[in-house]
Amino acid sequence: QLQLVESGGDLVQAGGSLRLSCAASRNIFSIDAMNWYRQTPGKQRELVAGITRDGDTNYADSVKGRFTISRDNAKNTVYLQMTSLKPEDTAVYYCNAIVIALSRKYNYWGQGTQVTVSS
């Protein structure tokens, strides 16, 4: 069973920066993709950024140019560097891992970390 633990959420002023971390309980080299999602009350969870095992990245339009996702295989950790934060970035941020095995797709989730951006 893969476990994910997020950290780094905090209260920050608009224009500030934060770095979120997602630590995995095992080697992430074999994980097919790792993603960051966010969710606010009453809204669906939305994909913020993703990185594949090959290092390909993708971002939501709302965060392009401001957020950067990266992975450190040696530390079994994925990061989300967030800059130029806006109040609308306020949300609970969740780490997600996708493992594809024997043609089946497995999703794993962390418990979330709160990011609050004040105006």
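Below, the structure is looked at part by part. These numbers come from a predicted model, not from an experiment.

Some thoughts on the overall build of the protein
Per the secondary structure count, the protein includes 0 helices and 11 strands. Rg of the C-alpha trace for the protein: 14 Å, near the compact-globule value of 14 Å for 119 residues, within the 12% margin. Along the three orthogonal principal directions, the C-alpha set of the protein runs to about 45 × 30 × 25 Å. Within the protein, the proportion of its 119 residues that are buried is 42%. Sequence separation of 24 or more characterises 54% of the internal contacts of the protein that already satisfy a separation of 6 or more. A total of about 6,500 Å² of accessible surface is found on the protein, and carbon and sulfur atoms cover 47% of it. Computed over 13 positive and 10 negative side-chain charges, the inter-centroid distance for the protein is 3 Å.

A few points about the side chain of E6
With respect to the helices, strands and loops of the structure, E6 is situated in strand β1 (residues 4-7). One buried charged residue, E6, remains without a salt bridge, the closest side chain of opposite sign being R45 at 7.3 Å. From its side chain, E6 meets the backbone nitrogen of G112 in a polar contact 2.9 Å long. When near neighbours in sequence (up to four residues on either side) are disregarded, E6 contacts S21, C22, W36, Y93, Y94, C95, G110, Q111, G112 and T113.

Notes on the state of the cysteines
Taken as a whole and assessed by the stated rule, the structure comprises 1 disulfide. Paired by a disulfide, C22 and C95 hold their sulfur atoms 2.0 Å apart. Across the S-S bond linking C22 and C95, the dihedral sits near -80°, which makes this disulfide left-handed. Taken together, the residues span a long stretch of sequence, with C22 in strand β3 (residues 18-24) and C95 in strand β9 (residues 91-101) at a distance of 73 residues. On the accessibility criterion, C22 (0% relative accessible area) is buried.

Overview of the sheet that holds β3
The antiparallel open sheet is built from 4 strands, whose spatial order is β1-β3-β8-β7. Looking along the sheet, the strands with just one partner apiece sit at the ends: β1 and β7 (67-72). Each neighbouring strand pair of the sheet contributes to a mean axis angle of 15°, computed without reference to strand direction. Where β1 lies against β3, 4 bridges are found, and the strand directions are antiparallel. For L4, the partnering residue across the bridge sits in β3 and is A24.

Details of the packing of aromatic side chains
For the coordinates displayed, the defined rule picks out 1 aromatic pair. Between R45 and the ring centre of Y94, over which it is positioned, the NZ or CZ distance is 3.7 Å. Note that R45 overlies the ring of W109, its terminal NZ or CZ placed 4.7 Å from the centroid.

Procedures and definitions
Residues numbered from 1 in each chain as written. Predicted model: local features only at pLDDT ≥ 70, side-chain atom pairs only at ≥ 80, totals over all residues. Heavy atoms only, no water. Helix = DSSP H or I, 4+ residues; strand = E, 2+ residues; numbered from the N terminus. Rg over C-alpha atoms; globule rule 2.2 N^0.38 Å. Buried < 20%, exposed > 50% of the residue type's maximum accessible area, 1.4 Å probe, protein only. Contact = heavy atoms within 4.5 Å. Areas by Shrake-Rupley, 256 points an atom, 1.4 Å probe, with all protein chains shown as cover. Lys, Arg positive; Asp, Glu negative; His and termini not counted. Charge placed at Lys NZ, Arg CZ, Asp CG, Glu CD. Salt bridge = Lys/Arg side-chain N within 4 Å of Asp/Glu carboxyl O. Polar contact = N/O pair within 3.5 Å; in protein donor to acceptor, adjacent residues only side chain to side chain. Disulfide = S-S within 2.5 Å. Pairing = 2+ DSSP bridges. Axes fitted to C-alpha atoms, helices over the stretch in contact; angles between N-to-C directions. Phe/Tyr/Trp six-rings, centres within 6.5 Å; stacked < 30°, edge-to-face > 60°. Lys NZ or Arg CZ within 6 Å of the ring centre and 35° of its normal.

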